Every structure is written in C-alpha cells, then in structure tokens.
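So the chains spell out like this:
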Amino acid sequence: MNQPSSDSLIDQIRQLGPWHHNIRLTESVEINDAYDEQERQRVNNDNISLINSKSLFDQKAKLIYPDGLQGKTFLDCACNGGGYCFWAAEMGAESVFGFDVREHWVRQARFVQTQRKVARVDNIQFETCDLMKLPERNLAPADFTLFKGIFYHLADPILGLKIAADLTREVIWLNTARCFIDNAESLYCTFEQPENLMSGVHALAWTPSGPSVIGKLLYWLGFQDIRHVFSRQYKDRPKYGRMEIIAARKPGFLDRLAEAENAEKVDIGAHRHSQQATSDVKSLF
Ligand SMILES: C[S@@+](CC[C@H](N)C(=O)[O-])C[C@H]1O[C@@H](n2cnc3c(N)ncnc32)[C@H](O)[C@@H]1O
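As the structure is a computational prediction, the values presented were derived from the model and not from experiment.

Asks: Explain the pattern of salt bridges to me, please; I cannot follow it from the model alone.
Replies: Note on pairing: side chains with opposite charge can pair once their charged atoms come close. Summed over the entire model, instances satisfying the criterion amount to 15 salt bridges. Note that Glu 39 is salt-bridged to Arg 14, the shortest N-O span being 2.8 Å. Of this pair, Glu 39 sits in helix α2 (residues 37-40) while Arg 14 sits in helix α1 (residues 6-15); the two residues are 25 residues apart in sequence, bridging distant segments of the chain. Residues participating in the shared-partner salt-bridge network are Lys 54, Asp 58, Glu 90 and Arg 116.

This is the structure we're talking about:
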C-alpha cells in the first residue's frame, strides 16, 4: 500500500484540528509540523494548548514501572488525541484502551493510529464514551490508569473517580486543576461550557482544594500508597493551579517515584478520622 506523502499527512492533520497532543506519526512528521510557531500559540489554536508531554510521561511511567509496561494493560480516561495511549504502547503495554466523550478527539486518535509508523498501534482501542457510562461496557480492569485533566470536568467527580478506580488493579495517575483556599478540604462548585472542546459535557464541575481531598478519596477507593507529586499555583490566577497525585493499591509500590520526585505521602489522616468517627457514632447512643 502506498504511504501518504508528508504534504498529504500535513493536510489531513490540519483538517482534523485543533489538536491538544503533539504526537509523532512518522520519522519525518509529527502533529506540530502542520503548524508554524504562531499557529501553535494557544490564542491561535481555539484557546487550546498544543502540548509536548511524551518525555514527561515516559520519565514518570519509568519511575513507576522501571522494567517498562510489558505485560501491563493501560486505561486512559479522557484520552483526547490519544498521546498517552500511543506512548504507553511504545513503552511495551500489552493492551491499551482510551476513551473520550468527544468524537472530535477520538477521530484524531484513530487517525494517528492509522498513520503512526514509529511504534506498535494494533493493540490500542479508542472509543467515544462518557466516563459516567463506562461501566456499561463491562471492561476488564487495567493495571495502570491515567486520570489526567478530567476530575475537575465532572458533575459527579466522586462517582467518576470511583468508576476509574474500580477499573484499576495497580496504579492510578491523577492530574487535576486545584484551587488554593486556606485551611479547606473541599470541592468548589463551578460551571463550564460544554461547547468548549476541552471542557466537561454536563456544565456543572467541581475543583478540589488540595491533595488531601483527592488522597482521602483514593484511600476510600482502596489505594494505600498515595503520593503528592506536585502542586503549582498559577501566577496570573493565584487562587488556582494544578496538582498531581499518583496512587498504588500496594504499600511501597511507589517508593522509587517518591524518592526521585520527592513525592510525599498524602496525609489522609485515616487513623485520626476513624477514631473521630467511632467516638461521634458512640456519642449518638
Ligand atoms: C483538559 S482535557 C485533558 C485531556 C487529556 N486527558 C490530557 O491530559 O491531555 C479534558 C478532556 O476530557 C474530555 N472529557 C470531558 N468530560 C468527559 C467525560 N465525562 N467523559 C470522558 N471524557 C470527558 C474532554 O473531551 C477532553 O478531551
């Protein structure tokens, strides 16, 4: 079969834009090549940043799985253009499932799958699906789940995270927007616009106040090694920022990541809370 020329690939990439993930298709073409420096700027890309996350993903995934992802299954919730799925397959994952609620992004991921010549793609499946409807698919649990950029786009993020966690055997990697509110462990209510390609689809959304909120949820969902990898505060909007929490079901599973990234255990205060809960209940009688 004839390979499309680089020019025709570039035309097809442009037709499928705007893109969020820069992904390599062939030795000579990656998504970025379809745009000049000006066009790649967020303001000229429908307010969507065109990100290069492969090396960050590889670096952290190797700290979690130093022998690579051979024999592991990978689930990407809200996979967007599929970047992380392709990189997980490149790291040796046995099978990969990525889904996103928007056909726009799944169309891109499937296009890359047909054109990517630099790594294996035949063990990757993409579907258009709302996270809240994922249980209807009766998927087998995955070893390693990515839950990046989705928590704060859900009308019911606790149920959303539970759906992903229940499908995770070993490790869940969560990255979310957060807000900075003193002394608060909360979810803050917001509204977003479903017509925005990067937003949620149910209009209502909740932003967590910090790592302990997510840590407690993950502990409740059965994860025991819960690490706060980073938090950042936006300079132009200091009430908001980003944080990353990676959690494993087995204690000690993330020791290597914790040491390399200086990722502290999230203080979920489980002991204190269970004592408090017990005495609260006793005081009822
Ligand atoms: C901020 S982007 C993050 C994309 C990707 N996970 C990443 O980190 O690069 C949010 C993504 O979540 C998807 N999304 C929003 N609500 C969803 C839902 N209920 N189920 C599945 N995907 C959803 C959007 O279509 C969009 O691709």
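Asks: Can you help me understand the site of the ligand in this one?
Replies: Near the ligand lie 23 residues; those nearest to it are His 21, Ala 78, Asp 100, Asp 130 and Lys 148. Between the ligand and the protein, one listed contact pairs an oxygen atom with a side-chain N or O atom of Arg 102 at 2.9 Å. Within the complex, the protein chains bury 97% of what would otherwise be the 600 Å² of accessible surface of the ligand. Looking at the shell around the ligand residue by residue, the classes come out as twelve nonpolar, seven polar and four charged.

Asks: For this particular structure, what's the right way to read unusual backbone geometry?
Replies: Note: most residues except glycine have negative phi, and most peptide bonds are trans. Of note, the bond from Gly 17 into Pro 18 is cis; its omega dihedral lies within 30 degrees of zero at 0°. Position of Pro 18 among the secondary structure elements: in the loop between α1 and α2. Here the phi dihedral of Ala 78 falls at roughly 70°; this positive angle occurs in a residue that is not glycine. When you line up the elements, Ala 78 lands in the loop between β1 (73-77) and α4 (83-90). Positive phi is not limited to glycine here, since Asn 262 has a value of about 55°. Mapped onto the fold, Asn 262 is located in the loop between α8 (255-261) and β10 (264-265).

Reading the values: the criteria
- Residues numbered from 1 in each chain as written.
- Predicted model: local features only at pLDDT ≥ 70, side-chain atom pairs only at ≥ 80, totals over all residues.
- Heavy atoms only, no water.
- Salt bridge = Lys/Arg side-chain N within 4 Å of Asp/Glu carboxyl O.
- Helix = DSSP H or I, 4+ residues; strand = E, 2+ residues; numbered from the N terminus.
- Near = heavy atom within 4 Å.
- Polar contact = N/O pair within 3.5 Å; in protein donor to acceptor, adjacent residues only side chain to side chain.
- Areas by Shrake-Rupley, 256 points an atom, 1.4 Å probe, with all protein chains shown as cover.
- Nonpolar A, V, L, I, M, F, W, Y, C, P; charged D, E, K, R; others polar.

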